[in-house]
Amino acid sequence: MKQTVQPRLTRLLTILALLAVAGTPLAQDQGDVVAEINGEPINELELNQLVGQQTGGETDLPAVQRRQFLEEIINLVLLAQAGEEAGLELNPELQAQITNNRRRALAQSFVRENTTGDPIDEDTLRARYEDQYGGEAPREYRARHILVGEREQAQGLIDRLNDGEAFEALAEQHSQDGSSDNGGDLGWFTPGDMVEPFSEAVTGLSEGELTQTPVQTGFGWHVIRLDETREGEAPAFEDVADELRMGLINRRIQDRINALRESADIDYEANWAEPTD
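Definitions and limits used
Residues numbered from 1 in each chain as written. Predicted model: local features only at pLDDT ≥ 70, side-chain atom pairs only at ≥ 80, totals over all residues. Heavy atoms only, no water. Core = buried A, V, L, I, M, F, W, Y, C linked by side-chain atoms within 4.5 Å. Buried < 20%, exposed > 50% of the residue type's maximum accessible area, 1.4 Å probe, protein only. Helix = DSSP H or I, 4+ residues; strand = E, 2+ residues; numbered from the N terminus. Contact = heavy atoms within 4.5 Å. Axes fitted to C-alpha atoms, helices over the stretch in contact; angles between N-to-C directions. Parallel < 35°, antiparallel > 145°, perpendicular 65-115°, else oblique. Nonpolar A, V, L, I, M, F, W, Y, C, P; charged D, E, K, R; others polar. Phe/Tyr/Trp six-rings, centres within 6.5 Å; stacked < 30°, edge-to-face > 60°. Lys NZ or Arg CZ within 6 Å of the ring centre and 35° of its normal. Expected span 1.5 Å × (residues − 1). Arc of directions from axis to C-beta. Pairing = 2+ DSSP bridges. Polar contact = N/O pair within 3.5 Å; in protein donor to acceptor, adjacent residues only side chain to side chain. Salt bridge = Lys/Arg side-chain N within 4 Å of Asp/Glu carboxyl O.

Caption draft 1: Local environment of the nonpolar core. Ranked by size, the top nonpolar core spans 13 residues in total, and within it L125, Y129 and L244 carry the most contacts. Every element with two or more residues in this core is listed here: α5 (122–133) and α9 (237–263). Among the elements that take part in this core, α9 stands out by supplying eight residues, more than any other. Y129 has contacts with G134, A234, P235, A236, F237, V240 and L244, leaving out every residue within four places of it along the chain.

Caption draft 2: Focus on the packing of helix α2 (residues 44–55) against helix α3 (residues 63–85). With their axes 10 Å apart at the nearest point, α2 and α3 run at an angle of 105° to one another. Taken together, α2 and α3 sit at an angle that is classed as roughly perpendicular. From α2, E44, E46, L47, N48, L50, V51, Q54 and T55 reach across to α3, where they touch R66, F69, L70, E72 and I73. Considering only residue class, the contact of α2 with α3 consists of six nonpolar, three polar and four charged.

Caption draft 3: Region of the structure containing the packing of aromatic side chains. Taken as a whole and judged by the stated rule, the model has three aromatic pairs. Considering the side-chain rings of Y129 and F237, the 5.7 Å spacing of their centres and the 90° angle between planes classify their relative orientation as edge-to-face. In this pair, Y129 sits in helix α5 while F237 sits in helix α9, placing the two residues 108 residues apart along the sequence. Aromatic side chains Y141 and F189 sit 6.5 Å apart centroid to centroid with 25° between the ring planes, which places their arrangement in the stacked category. Here F189 lies in strand β4 (residues 185–189) and Y141 lies in strand β3 (residues 139–148), a separation of 48 residues in the sequence. When the ring centre of F237 is taken as reference, the NZ or CZ atom of R126 above it lies at 3.9 Å. In this structure, R230 packs its charged tip against the face of W188, placed 3.9 Å from the ring centre.

Caption draft 4: Quick peek at helix α6 (residues 151–162). The terminal C-alpha atoms of α6 lie 17 Å apart, and with twelve residues this matches the ideal 16 Å at 1.5 Å per residue to within 8%. Burial in α6 covers these residues: A154, L157, I158 and L161. Summarising the axial view, the buried residues of α6 lie within an arc of 105°, below the 170-degree limit, and thus occupy one face. Its buried side turned inward, α6 meets β3, α7 (167–174) and β6 (220–231). Two residues or fewer past α6, G164 is found with a positive phi of approximately 110°.

Caption draft 5: Molecular detail of the sheet that holds β4. Strand order in this open sheet of four strands is β4-β3-β6-β5, and the pairing throughout is antiparallel. Unpaired on one side and paired on the other, β4 and β5 (215–217) mark the two borders of the sheet. Put simply, the sheet's adjacent strands are angled 40° from each other on average, direction ignored. Relative to β6, β3 runs antiparallel, the two being bridged by ten bridges. Counterpart to R144 in the pairing with β6 is R225.

Caption draft 6: Spotlight on the pairing of strand β1 (residues 33–37). Two elements, β1 and strand β2 (residues 40–43), share four bridges in a ladder whose sense is antiparallel. Residue E36 lies in a different strand from β2, and its bridge partner there is P41.

Caption draft 7: The side chain of S180, seen in detail. Looking at where S180 falls in the secondary structure, it is placed in the loop between α7 and β4. For S180, a relative accessible area of 11% translates into the label buried. Among the polar contacts made by the side chain of S180, one reaches the main-chain carbonyl oxygen of D177 at a distance of 3.0 Å. Setting aside anything within four residues of it in sequence, one finds S180 in contact with A171, E172 and S175.

Caption draft 8: The arrangement of the pattern of salt bridges in detail. For the structure shown, the criterion picks out twelve salt bridges. When the shortest N-O distance is used, the salt bridge between E231 and R139 registers 2.3 Å. You can see E231 sitting in strand β6 and its partner R139 sitting in strand β3, a full 92 residues away along the chain. Residue E231 is classed as exposed on the basis of its relative accessible area of 55%. Looking at R139, the relative accessible area reads 34%, which means it is partly exposed. The salt bridge involving E165 is made with R160; its shortest N-O contact spans 2.9 Å. One salt-bridge network, in which partners are shared between bridges, spans R144, E168, R225 and D227.

Caption draft 9: Local environment of the environment of E44. Locating E44 in the fold gives a position in helix α2. Under the relative-accessibility criterion, E44 is labelled partly exposed at 26%. Residues E44 and V33, eleven residues apart in the sequence, show an inter-C-alpha distance of 6.1 Å. In this structure, E44 is in contact with Q30, G31, D32, V34 and R66, ignoring residues within four places of it in sequence.

Bear in mind that shape data such as this cannot, by itself, settle questions of function.
Shown next as structure tokens:
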């Protein structure tokens, strides 16, 4: 599937890749304490993070503006302390949120540290550009798909389509991604825009043809119909360099996750959680 349609793991990968490109290494020095509220300190780094989140990364502000942000974080600390005093930290939903926020922050920081330590150089980008766009102009495809979580459901939809039901209507009713609003239409794309099983299925179809068996990717199970093809035009390197860098970082993150999963001891405790082929 196209990288802009991203449920589950691929959405996470793109968020991490964006942070790896745009982020900076973790600061080692938290800076001076700028205020203390009921004995709880606020340091310069914490203030700068709050300021940066609300100014698009700009932290070099006049003192009067920094004081306004400091008052905001003081109010935040006071409310958090009040919530703790009221015993809200024992709320299971809040505990789950805190745990997930911690996991996300650690994962993002790990990816950022590993990526900034080994950035994607221009030679690697140009090699990727030649692999993807070199030679003949890439052929472009326009297709629709229906994405579902189970193979049996996907096969049932294929049977209904073969019986004459409208693809667009079934996509709107059943597809589990944003393309459902457009009857499953994914717009124009090149094979390199898609994950491999999806692109292989699309390029193997004739115009107007429907996949007769469900196609599995990391997103789920797809039913695909190829609507049109056309000769494309290779973009200039400068126009796609950032996209290529993002894709390479994304792949690096995926490879790292795959390695971690292979060495991890993962036990699925719930019956429904067991992976299916």
